[in-house]
Amino acid sequence: MKRTRDEVDATLQIAKLNTAELLPTVHCLGFGPGASAAAGDFCLLQLEPALCQQLEAGCSLVIRGDKDEQAVLCSKDKTYDLKIADTSNMLLFLPGCKTPDQLKMEETHCNIIHTEIFGFSNNYWELRRCRPKLKKLKKLLMENTYEGPDSQREKDSNHSQYTTEDLLDQIQASEEEIMAQLQVLNACEIGGYWRILEFDYEMKLLNHVTQLVDSESWSFSKVPLNTCLQELGPLEPEEMIEHCLNCYGKKYTDEGEVYFELSADKICRATAQMLLQNAVKFNLAEFQEVWQQSVPEGMVTRLDQLKGLALVDRHSRPEIIFLLKVDELPEDTQERFNSLFSLREKWTEEDIAPYIQDLCGEKQTIGSLLTKYSRSSMQNGVKVYNSRRPIS
Amino acid sequence: MVQIVVSSAGAGGLAEWVLMELQGEIEARYSTGLAGNLLGDLHYTTEGIPVLIVGHHILYGKIIHLEKPFAVLVKHTPGEQDCDELGGESGTRYLVTALIKNKILFKTRPKPIITNVPKKV
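Since we're looking at a predicted model, the values are computed, not measured.

Asks: What is the right way to look at the overall build of chain A in this model?
Replies: Counting secondary structure elements, chain A contains 15 helices and 18 strands. With respect to the principal axes defined by its C-alpha atoms, chain A has extents near 95 × 60 × 45 Å. Of all 392 residues assigned to chain A, the portion counted as buried reaches 44%. With an accessible surface of roughly 21,000 Å², chain A has 47% of that area assigned to carbon and sulfur atoms.

Structure below.
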């Protein structure tokens, strides 16, 4: 039974409200049939303006998570932690309800709007931008590294392989974030599956390229694709040669020909990894000599090329260097700091920065992370950071 | 791992609703539940102030434009008639039914409506 205008006016009179001070339109609020529906059939999701625009454009979002994981919500390119926020107030959803501004803009004013309350809630879903959980990506792809087309592994079809869709099914991250990480990992799509190259195989490809550059006396910044494919094609699949050039160089076109500008930093870094992975630690001076000799002629090695890959200990005698890969450390922030402080009690900001850079959230800096997760002190005039609590 | 899609029909298919925030709880007077019952009348003053008459009370509130809008998600579980276009059965999905960019907040103490004023003798 819907309320009539007369009933509304009668109520206004009893309430002693002056209709002259009110807009002509009244919303009569009632509970719709679904208003007592079981909680969980509908809910409120709080959005940042950018996400709202995406929904208005028709884009979808995806909630991802295992039963034992904290759920995340992914847009095309960002990942958010999903949490339920409780409010002590009651939130009612009013379809078709107009605001005073909207009413004032209307030309004809209707008298009554019968509004059916769709439902109500005392909580909503809250989103907070978070780092995508990408560590699992490398773990999955390392299950079956690619060693070249002739390797025994490729003939044996029993191994786990992942397509892009498979990865979206397993990783708590947005598609763009996964694609970006695949590039960082130098992963390659082979036969529709994403593969990480086995390190020795990747080095073999790189060596073919750098030796060819040397024998042809090319400049590192102008390596012609076609000649590479011609000369190296007999040795390795053309797709793998081109993949290697893409990983270690930047592609460009000059007068219709495709060239690559090779990155000295990336090549020196890979060479260092090749040397360091063979022992627990190296005498720093010896390492630097061997390293410089091992890189292609004309490239200059520098320790800052090894950030996040290797760590130098300047307090030991002799000074040493050892492999420490940031992507093999824990993903969780507290666990990462614990493992870094177990490794070394006190760190300078310069040394620790490459190992915590990836932990920074949208608005966090290295400084704010250090303030939150460590304690600082002065040592020999230099500021150092150590753990806030005892590490066993 | 589970993937639950939250799909949107886009601006053409998305309604804009308003949120109303009240303190306290809502209970049905009778055991028949809330459905079909009236809550009250919502008026606006010419200055744009929301006035809600609920039972014997008047509440004055304010309209707030939300910095962070809300989406109303309605859950669809499998076992319902619709299969998705590929002919496969879809898992649990949420459909974005409406966006909420404004809320009406009532947080001041309700004023009672006195209907029986004793006449002076």
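Asks: What is the right way to read the sheet that holds strand β10 (residues 223-224) of chain A from this model?
Replies: In a beta sheet, neighbouring strands are held together by backbone hydrogen bonds and run either parallel or antiparallel to one another. Spatially, the 3 strands line up as an open sheet ordered β10-β12-β11 (chain A), and their pairing is antiparallel. Single-partner strands in this sheet number two, and they are β10 and β11 (249-254) of chain A.

Asks: Would you mind going over the packing of helix α8 (residues 199-216) of chain A against helix α11 (residues 264-276) of chain A with me for this structure?
Replies: Angle between the axes and distance between the axes are the two parameters that describe a pair of packed helices. All names here are of chain A. Contact pair α8 / α11: the axes reach a minimum separation of 11 Å and the direction vectors enclose 135°. By the angle between their axes, α8 is oblique relative to α11. Crossing hand, α8 versus α11: left-handed. Contacts from Phe 199, Met 203, Leu 206 and Thr 210 of α8 reach α11 at Ile 267, Ala 270, Gln 273 and Met 274. Among the residues forming the contact of α8 with α11, the class breakdown is 6 nonpolar, 2 polar and no charged.

Asks: So what exactly am I meant to see when it comes to the interface of chain B and chain A here?
Replies: When the parts come together, some accessible area is lost, and that loss is often what is quoted as the size of the interface. Between chain B and chain A, the contact holds 62 residues from the first and 71 residues from the second. Summing both sides of the interface, chain B and chain A together bury roughly 5,700 Å²; the carbon and sulfur share of this comes to 63%. Considering only the surface of chain B that becomes buried against chain A, B:Met1, B:Gln3 and B:Tyr44 emerge as the three largest contributors, covering 13% of it. There are 2 salt bridges connecting chain B and chain A. A:Glu56 is the partner of B:Lys101 in a salt bridge, and the nearest nitrogen-oxygen pair spans 2.7 Å. Only β1 (2-8), β2 (15-23), β3 (38-44), β4 (50-54), β5 (57-60), β6 (62-76) and β7 (93-105) of chain B provide two or more residues apiece to the side of chain B that touches chain A. Looking at the side of chain B that touches chain A, the element that brings in the most residues is β6(B), giving 10 residues.

Asks: Explanation requested: the sheet that holds β4(B) in the structure shown.
Replies: Pairing within the open sheet is mixed, and its 6 strands lie in the order β6(A)-β1(A)-β3(B)-β4(B)-β5(B)-β8(B). Single-partner strands in this sheet number two, and they are β6 (112-117) of chain A together with β8 (111-112) of chain B.

Asks: Can you walk me through the nonpolar core in this structure?
Replies: Nonpolar side chains in soluble globular proteins tend to end up buried together. Residues and elements named next belong to chain A. Counting residues in hydrophobic clusters, the biggest one holds 41 residues, and the most contacted among them are Val 223, Leu 245, Tyr 248, Phe 287, Trp 291, Leu 306 and Ile 321. Elements represented by at least two residues in this core include exactly α8, α9 (225-232), α10 (238-248), β12 (257-262), α11, α12 (284-294) and β14 (310-313). Ignoring anything within four residues of it in the chain, the contact list for Val 223 reads Val 213, Trp 218, Cys 228, Leu 245, Val 258, Tyr 259, Phe 260 and Leu 262.

Asks: Sorry if this is basic, but what is going on with the environment of A:Val384 here?
Replies: All names here are of chain A. Along the chain, Val 384 falls in strand β18 (residues 382-387). Relative accessible area serves as the criterion here: at 4%, Val 384 is assigned to the buried category. In the structure, Val 384 is positioned 32 residues away from Ile 352 in sequence and 9.8 Å away in space, judged by C-alpha atoms. Sequence-distant contacts of Val 384, defined by excluding residues within four places in its chain, comprise Lys 346, Trp 347, Thr 348, Arg 375, Ser 376, Ser 377 and Gln 379.

What counts as what
- Residues numbered from 1 in each chain as written.
- Chains lettered and ligands numbered in written order.
- Predicted model: local features only at pLDDT ≥ 70, side-chain atom pairs only at ≥ 80, totals over all residues.
- Heavy atoms only, no water.
- Helix = DSSP H or I, 4+ residues; strand = E, 2+ residues; numbered from the N terminus.
- Buried < 20%, exposed > 50% of the residue type's maximum accessible area, 1.4 Å probe, protein only.
- Areas by Shrake-Rupley, 256 points an atom, 1.4 Å probe, with all protein chains shown as cover.
- Pairing = 2+ DSSP bridges.
- Axes fitted to C-alpha atoms, helices over the stretch in contact; angles between N-to-C directions.
- Parallel < 35°, antiparallel > 145°, perpendicular 65-115°, else oblique.
- Left-handed = near helix turned anticlockwise from the far one by under 90°.
- Contact = heavy atoms within 4.5 Å.
- Nonpolar A, V, L, I, M, F, W, Y, C, P; charged D, E, K, R; others polar.
- Buried area = accessible area lost by both parts, 1.4 Å probe.
- Salt bridge = Lys/Arg side-chain N within 4 Å of Asp/Glu carboxyl O.
- Core = buried A, V, L, I, M, F, W, Y, C linked by side-chain atoms within 4.5 Å.

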